[in-house]
Amino acid sequence: MNRTLLVIITLFLISCDSGVEWRDSPYEVIWIDTADNRTLNHEIRENASIGRVEAEVIAVESNEKYVVAKQKPIGGGSISYFYIDRAKDDKYLNWNEITQGPFTEVRFLELKAELGLPDFSKEF
């Protein structure tokens, strides 16, 4: 019985996986367990970050002023768009204090023209 429990725990521990798919410090798109679980985060220090846009992030880009993300909610739903003003972000802020959105595509395109938001160049 103890050996079976040890095997189960070992399989659980080695099955947890993660990766970084995009980075423009301090921002990064990471996934945990599966690639469908991509989130946009603000890195606090190595191997520690706080969320900015929840899964599933399907596109991202940045410029000197903004970070933009395109999201398809896990389980379905409408595609949403977000942006972050880099100058106003701080690692001590929660996502809802800094992340602007969700926006529809139409509204996002208006904001893109108005603010100079970058085009999406990295798609997942």
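In this text the structure is predicted, and so the values were computed from the model without any measurement.

Asks: Would you mind going over the side chain of aspartate 89 with me for this structure?
Replies: The residue aspartate 89 is located in the loop between strand S7 (80-85) and helix H2 (95-98) in this model. Residue aspartate 89 is classed as buried on the basis of its relative accessible area, which comes to 12%. Within the structure, aspartate 89 has its side chain in polar contact with the side chain of tyrosine 27 (distance 2.5 Å). If sequence neighbours within four positions are ignored, aspartate 89 has contacts with Tyr27, His42, Arg52, Ile84 and Ile98.

Asks: Please explain unusual backbone geometry as it appears in this structure.
Replies: In the segment running from serine 25 into proline 26, the intervening peptide bond is cis, with an omega of 10 degrees. Position of proline 26 relative to the elements: it lies in the loop between strand S1 (18-24) and strand S2 (27-32). With omega at 10 degrees, the peptide bond leading from alanine 55 into glutamate 56 counts as cis. Within the secondary structure, glutamate 56 is located in the loop between strand S4 (48-53) and strand S5 (57-62). Not every positive phi belongs to a glycine, and aspartate 33 is a case in point at roughly 75 degrees. For aspartate 33, a relative accessible area of 45% translates into the label partly exposed.

Asks: Looking at this structure, I do not really get the packing of aromatic side chains. What am I missing?
Replies: Tallied over the entire structure, the rule returns five aromatic pairs. Ring geometry for tyrosine 81 versus phenylalanine 108: centroids 5.0 Å apart, planes at 25 degrees, classification stacked. Here the residue tyrosine 81 occupies a position in strand S7, and phenylalanine 108 occupies one in helix H3 (residues 105-115), the gap between them amounting to 27 residues. Ring centres of tyrosine 81 and phenylalanine 120 lie 6.1 Å apart, and the angle between their planes is 45 degrees; this geometry places the pair in the tilted category. One end of the pair, tyrosine 81, is in strand S7; the other, phenylalanine 120, is in the loop between H3 and strand S9 (122-123), and 39 residues separate them in sequence. On the basis of relative accessibility, which here comes to 23%, the residue phenylalanine 120 falls in the partly exposed class. One aromatic cluster in this structure is built from Tyr66, Tyr83 and Phe103.

Calculation notes
Residues numbered from 1 in each chain as written. Predicted model: local features only at pLDDT ≥ 70, side-chain atom pairs only at ≥ 80, totals over all residues. Heavy atoms only, no water. Helix = DSSP H or I, 4+ residues; strand = E, 2+ residues; numbered from the N terminus. Buried < 20%, exposed > 50% of the residue type's maximum accessible area, 1.4 Å probe, protein only. Polar contact = N/O pair within 3.5 Å; in protein donor to acceptor, adjacent residues only side chain to side chain. Contact = heavy atoms within 4.5 Å. Phe/Tyr/Trp six-rings, centres within 6.5 Å; stacked < 30°, edge-to-face > 60°.

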